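Descriptive structure summary
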Amino acid sequence: MKLTLTRPTLAQKAQALAFRQEFFDCGETVINGSELLDQTGSYEEWLAAVTANASPETVSPDWVVTDTFFALDEAGRVVGIIDYRHTLNGFLKDLGHCGYSVRPTERGKGYATEMLRLLLEHARSMGAAELRLSVERGNAPSIGTILRNGGRYVRSFLFAGEEADSYAITLREGTTMTNQALVDLAFTMLERSYVPYSHFPVGAALLCADGTVFTGCNVENAAFGSTICAERTALVKAVSEGHRDDFIRLAVVGNSADYCWPCGACRQMLYEFAPNLTLLVARKDREFVELPLSELLPHGFGPKSLD
Ligand code: THU
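Everything in this summary refers to the structure shown in the same document. Just so we're clear, the structure is a prediction, and the values are computed from it rather than from any experiment. (Residues numbered from 1 in each chain as written. Predicted model: local features only at pLDDT ≥ 70, side-chain atom pairs only at ≥ 80, totals over all residues. Heavy atoms only, no water.)

Comments concerning the site of the ligand
Surveying the vicinity of the ligand reveals the residues Ser198, Phe200, Val202, Asn218, Glu220, Thr227, Cys229, Ala230, Glu231, Trp261, Pro262 and Cys263. A distance of 2.9 Å is found between an oxygen atom of the ligand and a side-chain nitrogen or oxygen belonging to Asn218. With respect to the ligand, the backbone of Ala230 contributes an N or O atom lying 3.0 Å from an oxygen atom. In the complex, 79% of the free accessible area of the ligand, which totals 370 Å², lies under the protein chains. Residues of the shell around the ligand, tallied by class, amount to 7 nonpolar, 3 polar and 2 charged. (Near = heavy atom within 4 Å. Polar contact = N/O pair within 3.5 Å; in protein donor to acceptor, adjacent residues only side chain to side chain. Areas by Shrake-Rupley, 256 points an atom, 1.4 Å probe, with all protein chains shown as cover. Nonpolar A, V, L, I, M, F, W, Y, C, P; charged D, E, K, R; others polar.)

Examining the packing of aromatic side chains
Centre-to-centre distance and the angle between the planes together describe a pair of aromatic rings. Evaluated as defined, the whole model comprises 7 aromatic pairs. Judged by centre distance (6.2 Å) and plane angle (75 degrees), the ring pair of Phe19 and Phe70 falls under edge-to-face. Taken together, the positions of Phe19 in helix H1 (residues 13–25) and Phe70 in strand S2 (residues 66–72) put the pair 51 residues apart, joining distant regions of the chain. Given the relative accessible area of 0%, Phe19 is considered buried. By relative accessible area, which is 0% here, Phe70 ends up buried. Between Tyr153 and Tyr167, the ring centres sit 6.2 Å apart and the planes meet at 80 degrees, which makes this aromatic pair edge-to-face. Here the residue Tyr153 occupies a position in strand S6 (residues 152–159), and Tyr167 occupies one in strand S7 (residues 162–170), the gap between them amounting to 14 residues. Relative accessible area serves as the criterion here: at 7%, Tyr167 is assigned to the buried category. (Phe/Tyr/Trp six-rings, centres within 6.5 Å; stacked < 30°, edge-to-face > 60°. Helix = DSSP H or I, 4+ residues; strand = E, 2+ residues; numbered from the N terminus. Buried < 20%, exposed > 50% of the residue type's maximum accessible area, 1.4 Å probe, protein only.)

Here we look at the sheet that holds strand S5 (residues 130–136)
Read across the open sheet, the 3 strands follow the order S5-S7-S6; overall the sheet is antiparallel. Bordering the open sheet on either side are S5 and S6, each of which pairs with just one other strand. Between one strand axis and the next, the sheet turns through 25 degrees on average, direction left out of account. When S6 meets S7, the two strands line up antiparallel, connected through 7 bridges. Each residue of the ladder has a partner; that of Arg152, found in S7, is Ala168. Helix-sheet contacts for helix H3 (residues 111–125) involve S5 and S7, and the interaxial angle to S5 is about 150 degrees. On top of the sheet, helix H4 (residues 140–148) reaches S5 and S7; it is set at about 160 degrees to S5, its chief contact. (Pairing = 2+ DSSP bridges. Axes fitted to C-alpha atoms, helices over the stretch in contact; angles between N-to-C directions. Contact = heavy atoms within 4.5 Å.)

Considering the pattern of salt bridges
Scanning the model with the defined rule gives 17 salt bridges in all. For Glu114, the salt bridge is made with Arg117, and the minimal N-O distance between the two is 3.0 Å. Within this pair, Glu114 and its partner Arg117 are both found in helix H3, separated by 3 residues, close to a single helical turn. Salt bridges here are not isolated pairs; linked through shared partners, they connect Glu22, Arg77, Arg103, Glu106 and Lys109. (Salt bridge = Lys/Arg side-chain N within 4 Å of Asp/Glu carboxyl O.)

Examining H1
With 13 residues, H1 should cover 18 Å at 1.5 Å per step; its first-to-last C-alpha distance of 18 Å lies within 8% of that length. On its buried face, H1 sits against helix H2 (43–53), S2, strand S3 (78–85) and strand S4 (98–102). (Expected span 1.5 Å × (residues − 1).)

What about the side chain of Glu106?
Here Glu106 is to be found in the loop between S4 and H3. A polar contact of 2.4 Å, which involves the side chain of Glu106, links it to the side chain of Arg77. Excluding its chain neighbours within four sequence positions, the residues that come into contact with Glu106 are Arg77, Val79 and Tyr111.

What about helix H7 (residues 264–273)?
Looking at H7, one finds that the buried residues are Cys266, Arg267, Leu270 and Tyr271. Burial along H7 is one-sided: seen end-on, the buried residues are contained in an arc of 135 degrees. Contacts from the buried residues of H7 go to helix H6 (230–240), strand S10 (247–254), strand S11 (278–282) and helix H8 (293–296). (Arc of directions from axis to C-beta.)

So, the state of the cysteines
Applying the stated rule across the entire model yields 0 disulfides. Among the cysteines around Cys217, which has no disulfide bond, Cys229 carries the closest sulfur, lying 11 Å off. With no disulfide of its own, Cys263 lies closest to Cys266 among cysteine sulfurs, the gap being 3.7 Å. Given a relative accessible area of 30%, Cys263 falls into the partly exposed group. (Disulfide = S-S within 2.5 Å.)

Details of the pairing of S11
Residues in a regular strand point their side chains to alternate faces of the sheet. Along S11, 5 of the 5 residues are buried, which leaves the element largely enclosed by surrounding structure. By the alternation rule, side chains of S11 split into Thr278, Leu280 and Ala282 and Leu279 and Val281, which are all buried. The pairing of S10 with S11 spans 4 bridges and is parallel. Bridge assignment links Ala251 to a residue of S11, and that residue is Leu280. Handedness of the crossover joining S10 and S11 through H7: right-handed. Turn length for the S11-strand S12 (residues 288–292) hairpin, with the two strands adjacent in sequence and antiparallel, is 5 residues, and the turn residue Arg286 shows positive phi of about 75 degrees. (Right-handed = clockwise from strand over helix to strand, strands pointing away.)

Below is the structure:
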């Protein structure tokens, strides 16, 4: 089977509307991955939005940069639609980077699996290390699509009252450190800590989407308030090297019996760049918990709050 993913064009208007109508005729009102093709008033309007949202310069302020593709069969017929959201905001936290649909008359042919495979290639070529996506518990064909593309179960959540599961697909094997390796690296930073006043060393390791890791430790000061925490050291190192919205995971470790929870100032600084960050918080026996920043800082104040 040969499918290609192409960005929508005006020339595809008639095809796209027929594609959409087929879902409606089958009683399906939601077309996953279609960036609201199912709700738009006109194809031209939808095309303009999809085109604008594909570029960081023109993306709608309440949207994340998103690539939307039609899947074409060998005859050039639109058989499916799939999107790739470059980052995850609060709304997309559970939904993930990607949604897709195959038109009702073309199902059961393996098209979704191939579409997702092609999309993973695209995301990989953009430097992404991992892709998250989610599926309703009862949607067996889509679960198969994800598993066949290497998806591993991450966690469950409720979506519109329905049980749904989130999966992760690793795109850069070898460059993405395991959680344990990231925590271990953060522990090596304890000895770099400069803590003559508190004697409380903290280490951090921040993983970026391209596999780069920035480490940090706390650096204290005789004027105590000038102290910088380990997490902010790592973050500021990363930002000053050009990283912005590609932070994946941060390990924070200490020498205390309890977990080394990030302070409020660090939560706030992290929220600015990575509201969807995953934290690995460890205690001295190297036990760690994995949790989203949104749990440590709900209703955070960020750049969008100023709009
Ligand atoms: N510290 C961190 O490095 N990270 C945190 O999130 C909590 C506190 C440091 C700052 C200071 O050097 C010492 O721990 C005691 O507050």
